[in-house]
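# Examining the three-dimensional arrangement
Chain residues, written in single-letter form:
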Amino acid sequence: MPRTAAVKASALALALSLPLVPAHAQGAGEQMQLCVNQCLYHFGPASNPRYHACVAEQCEGTGPAPQRQQPAQPPRQGAAWTTGAVDGGRTHYARVQSGRLALSYMCQRGSEGLIAVEGMAGSPGSLALRIDGKRVAQPFATSGGMRATQAARGSALLAGLLGGSRVELSDDRGRGSLPLAGSGRAIRAAMAACGLRP
């Protein structure tokens, strides 16, 4: 896995330790930590000046106004699921990415999994998910461009990701879709590494 992907996955792994509650219900400290993790994800490592600029602009509210993200794009051909481990092997993941749009399943031994979506630029609470045309109602916590939710074993979300063929994501600023071909094998491999079963 390229170094930037490992750093991004490590930053997402940090989100596993945070409670998943809607953004409006989070305390200021939790919102700040999610924001810092998002900056590390996009601009890590922490020694990168762009990381520090992101924290100053996005998290602390100093510096120039943040630039708006572009809406998600349709998937490129060849978007494929990948698997791996980060954080010294503590966090296992399965991920698919097409352009700016990405969906990841992550887990650690002893805890339920997490689904993270990146690349959707709409307002918090506006993210809607459809798997093979069927809406899956799931609350997502939001920080910057990352949305995260629990992927409990037996949930409709996890079942759909394991057995579906396509996931469609939409919010009030755009829409995109990602293939689920190979998702079942990739997510099950990550789950097995965490001692979980679907």
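Just so it is clear, the model here is predicted, and its values are computed rather than measured. (Residues numbered from 1 in each chain as written. Predicted model: local features only at pLDDT ≥ 70, side-chain atom pairs only at ≥ 80, totals over all residues. Heavy atoms only, no water.)

The number of helices and strands found in the protein is five helices and ten strands. When the 198 residues of the protein are sorted by exposure, 47% land in the buried category. A separation of at least 24 residues holds for 59% of the contacts in the protein among residues at least 6 apart in sequence. Of the roughly 9,800 Å² that the protein leaves accessible, carbon and sulfur atoms contribute 51%. (Helix = DSSP H or I, 4+ residues; strand = E, 2+ residues; numbered from the N terminus. Buried < 20%, exposed > 50% of the residue type's maximum accessible area, 1.4 Å probe, protein only. Contact = heavy atoms within 4.5 Å. Areas by Shrake-Rupley, 256 points an atom, 1.4 Å probe, with all protein chains shown as cover.)

Another aspect to go through is the sheet that holds strand S4 (residues 113-118). Read across the sheet, six strands follow the order S1-S2-S3-S4-S8-S7 without closing on themselves; strand pairing throughout is antiparallel. Looking at which strands have only one partner, the edges of the open sheet turn out to be strand S1 (82-86) and strand S7 (141-143). For this sheet, the mean angle separating the axes of adjacent strands, direction not counted, is 25°. In this sheet, strand S8 (residues 146-151) lies alongside S4 in antiparallel orientation, the contact comprising six bridges. (Pairing = 2+ DSSP bridges. Axes fitted to C-alpha atoms, helices over the stretch in contact; angles between N-to-C directions.)

All right, on to the nonpolar core then. In this structure, Leu103, Tyr105, Leu169 and Ile187 are the most contacted members of the largest nonpolar core, which totals 31 residues. When contributions to this core are tallied by element, the ones reaching two or more residues are strand S2 (91-98), strand S3 (101-108), S4, strand S5 (128-131), helix H4 (156-163), strand S9 (166-171) and helix H5 (183-193). Setting aside anything within four residues of it in sequence, one finds Tyr105 in contact with His92, Tyr93, Ala94, Gly113, Leu114, Ile115, Ala151, Leu158, Ile187, Ala190, Met191 and Leu196. Leu114, Ala116, Met146 and Ala148 belong to the second largest nonpolar core, which has seven residues in total. (Core = buried A, V, L, I, M, F, W, Y, C linked by side-chain atoms within 4.5 Å.)

Summed over all chains, the structure comprises four salt bridges. Taking the shortest distance from any N to any O, the salt bridge between Arg90 and Asp87 comes out at 3.1 Å. A relative accessible area of 33% means that Asp87 is categorised as partly exposed. Here Glu118 makes a salt bridge to Arg95, at a shortest N to O gap of 2.8 Å. Of this pair, Glu118 sits in strand S4 while Arg95 sits in strand S2, and the two are 23 residues apart along the sequence. According to the relative accessible area criterion, Arg95 is buried, its value standing at 14%. (Salt bridge = Lys/Arg side-chain N within 4 Å of Asp/Glu carboxyl O.)

Its place among the elements puts His92 in strand S2. Separated by 3.0 Å, the side chain of His92 and the backbone oxygen of Gly89 make a polar contact. (Polar contact = N/O pair within 3.5 Å; in protein donor to acceptor, adjacent residues only side chain to side chain.)

Take the environment of Glu118 next. A relative accessible area of 4% means that Glu118 is categorised as buried. C-alpha separation for the pair Glu118 and Arg100, spaced 18 residues apart in sequence, amounts to 7.2 Å. Polar side-chain contacts of Glu118 include one of 2.8 Å to the side chain of Arg95.

On to the environment of Ala137, then. Following the sequence through the fold, Ala137 ends up in the loop between strand S6 (134-136) and S7. The exposure class assigned to Ala137 is exposed, which follows from its relative accessible area of 64%. Sequence spacing of Ala137 and Ala156 is 19 residues, and the spatial spacing of their C-alpha atoms is 8.6 Å.

What follows is about unusual backbone geometry. Phi angles above zero are rare outside glycine, and Asp87 is one such case at about 60°. Here the phi dihedral of Asp132 falls at roughly 50°; this positive angle occurs in a residue that is not glycine.

Judged by how many residues are buried, S2 sits mostly within the fold: seven of eight residues are covered. Counting the residues between successive antiparallel strands, the hairpin from S1 to S2 contains four residues, one of them, Asp87, with a positive phi of roughly 60°. Pairing of S2 with S3 involves eight bridges; the strand directions are antiparallel. Counted as the bridge partner of Val96 is Leu103 from S3. Between S2 and the antiparallel strand that follows it, S3, lie two residues; Gly99 among them carries a positive phi value of about 65°.

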